[in-house]
Amino acid sequence: MKQEPKIGFVSLGCPKALVDSEQILTQLRAEGYGVAPTYAAADLVVVNTCGFIDAAVTESLDAIGEALAENGKVIVTGCLGAKGSVVRDLHPSVLAVTGPHACQEVLAAVHTHLPRPHDPFLDLLPPQGIKLTPRHYAYLKISEGCNHRCSFCIIPQLRGDLVSRPVGDVLREAETLARAGVKELLIVSQDTGAYGADVRYRTGFWNGRPLKTHLTPLAAALGELGVWVRLHYVYPYPHVDELIPLMAEGKLLPYLDVPLQHASPPILKAMKRPANTGNTLERIRRWRERCPDLTLRSTFIVGFPGETAADFERLLAFLAEAELDRVGCFSYSPVAGAAANRLADPVPEEIRQERRARLMELQATISAARLRRKIGRTVTVLVDAIDTGGTAIARSAADAPEVDGVVAIERGGAFAAGEFVDVRIVDTDEHDLYAEPL
Ligand code: SF4
């Protein structure tokens, strides 16, 4: 029998890029290409790159260099591909370079350099496509691009303005995933709250039912599928308030990942973000009143150009009052092409680092205190894996994969990945919970 042509795949970057990788792999598999686990076994390698910060650019360029050295036939896609001639300048021998979200262009390049097999094994393709995440959770991308122009960010330059997927397509994909055994859907996009704004929230159809292209009805419909639904990257628009009752009723996970970035109005203004911190605190208070189990995750940037000691103290005071559950913090680093690079008063590197350390120290005590309140409670968790010592590694509604902590269940060896189990929380540390089976 003729061997199928094999593609090696290197996927770097954020969950949005991961979804692009999954679409490309799914399509290649549908056409009868195989996926090779090593460079040596591959006939050609696709590298999906990230171009967000300088460290990611270096990692991507290194990955391309390695693939060229080990295999020789390399196609580059992803955010770095959209940054002009960066890839070709360093690696002129790559076969093709495309930007992000360019599944069809990548396939065309693969067809040119490794002709598609004659007899596609369509029936070998699982209906939910090829997933790079464990089988029981999946990222679901609802839109591409962003209409904001945050001054530190070049994503709109790389990925363009907001383009929402038709609501029926999103729900059909979600249904297929749920039918294939996925237990948790992670809703991602650059700006999840803006879903539908580009098409003026037009009405679409799902199973013959009219449905607006808008986050609230989409979230409510996803909540009918009987799987966990977790929302990421939700910019705090007013209509985000409408999601909280759905969380309180158990239709969505009571979890909101809201990137706030700062709390001092002059810095938010320089970042081109909404500058209404008092309002944000009041909204958080109301959200928690309506849904006491709500977990709030956010990210912040410290040391942004022009950030004074007073701006930073204001951010710390906000964090102390908001008592967010999970916080990620970056010290500002200029990204080539970002408008913020032209702002006056850059903050020296050691002050940026020192502020980041102080913020993380404060937040560690807040996060740890919030976790400690869970001791003695019974929670439902989703098992991700069993380690060699027989401890089950699971997550509760409060823990997103890869970014948050885990729930470690001792003597959990009899559980299986993808299983929901009820456990009692017996201990915590700064990030993780420890539990015993009920
Ligand atoms: S909302 Fe997010 S993706 Fe859009 S410009 Fe701002 S940081 Fe970038």
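Keep in mind that this is a model prediction, so the values were computed, not measured.

### Some words on the sheet that holds strand 19 (residues 420-428)
Reasoning step 1: Taken in spatial order, the 5 strands close into a barrel running 16-17-18-20-19, and their pairing is mixed. Shown here is a sheet whose adjacent strand axes are inclined to one another by a mean of 50°, direction ignored.
Reasoning step 2: Looking at chain direction, strand 16 (residues 378-386) and strand 17 (residues 392-395) are connected through 4 bridges and run antiparallel. Residue pairing in the sheet places Ile386 in a bridge with Ala392 of strand 17.

### Considering the packing of aromatic side chains
Reasoning step 1: Counted according to the given criterion, the structure contains 6 aromatic pairs.
Reasoning step 2: Three or more aromatic residues link up through ring pairs in this structure, and these residues are Phe152, Phe304 and Tyr332.
Reasoning step 3: Positioned above the aromatic ring of Tyr255 is the side chain of Arg230, whose terminal nitrogen or guanidinium carbon lies 4.6 Å from the ring centre.
Reasoning step 4: Its guanidinium or amino end placed over the ring of Tyr137, Arg395 lies 5.2 Å from that ring's centre, counting from NZ or CZ.

### Remarks on the site of the ligand
Reasoning step 1: Around the ligand lies a shell formed by Cys146, His148, Cys150, Phe152, Cys153, Ile155, Pro156, Gln190 and Arg273.
Reasoning step 2: Split by residue class, the shell around the ligand holds 6 nonpolar, 2 polar and 1 charged.

### Observations regarding the confidence of the model for the protein chain
Reasoning step 1: Of all residues in the protein chain, 95% have pLDDT values of 70 or greater, and the mean over the chain is 91.
Reasoning step 2: Contacts from residues 119-125, a stretch scored under 50 in pLDDT, to residues over four places away or in other chains number 11 contacts.

### With respect to the packing of helix 6 (residues 167-179) against helix 7 (residues 215-222)
Reasoning step 1: In contact at an axis separation of 11 Å, helix 6 and helix 7 are set at 20° when each is read in the N-to-C sense. In this view, helix 6 runs roughly parallel relative to helix 7, as classed from their interaxial angle. The two elements helix 6 and helix 7 meet at a crossing, and its hand is right-handed. On helix 7, the residues that touch Val167, Val170, Leu171 and Ala174 of helix 6 are Leu218, Ala221 and Leu222.

### Describing the packing of helix 11 (residues 309-322) against helix 12 (residues 349-372)
Reasoning step 1: At a minimum axis separation of 10 Å, helix 11 and helix 12 run at an interaxial angle of 15°. Relative to helix 12, helix 11 is oriented roughly parallel. Crossing geometry of helix 11 relative to helix 12 is assigned as right-handed. For the pair formed by helix 11 and helix 12, the contact residues are Ala309, Phe312, Glu313, Leu315, Leu316, Leu319 and Ala320 on the first element and Arg355, Arg358, Leu359, Leu362, Gln363 and Ile366 on the second.

Analysis parameters
Residues numbered from 1 in each chain as written. Predicted model: local features only at pLDDT ≥ 70, side-chain atom pairs only at ≥ 80, totals over all residues. Heavy atoms only, no water. Pairing = 2+ DSSP bridges. Helix = DSSP H or I, 4+ residues; strand = E, 2+ residues; numbered from the N terminus. Axes fitted to C-alpha atoms, helices over the stretch in contact; angles between N-to-C directions. Phe/Tyr/Trp six-rings, centres within 6.5 Å; stacked < 30°, edge-to-face > 60°. Lys NZ or Arg CZ within 6 Å of the ring centre and 35° of its normal. Near = heavy atom within 4 Å. Nonpolar A, V, L, I, M, F, W, Y, C, P; charged D, E, K, R; others polar. pLDDT = per-residue confidence, 0-100. Contact = heavy atoms within 4.5 Å. Parallel < 35°, antiparallel > 145°, perpendicular 65-115°, else oblique. Left-handed = near helix turned anticlockwise from the far one by under 90°.

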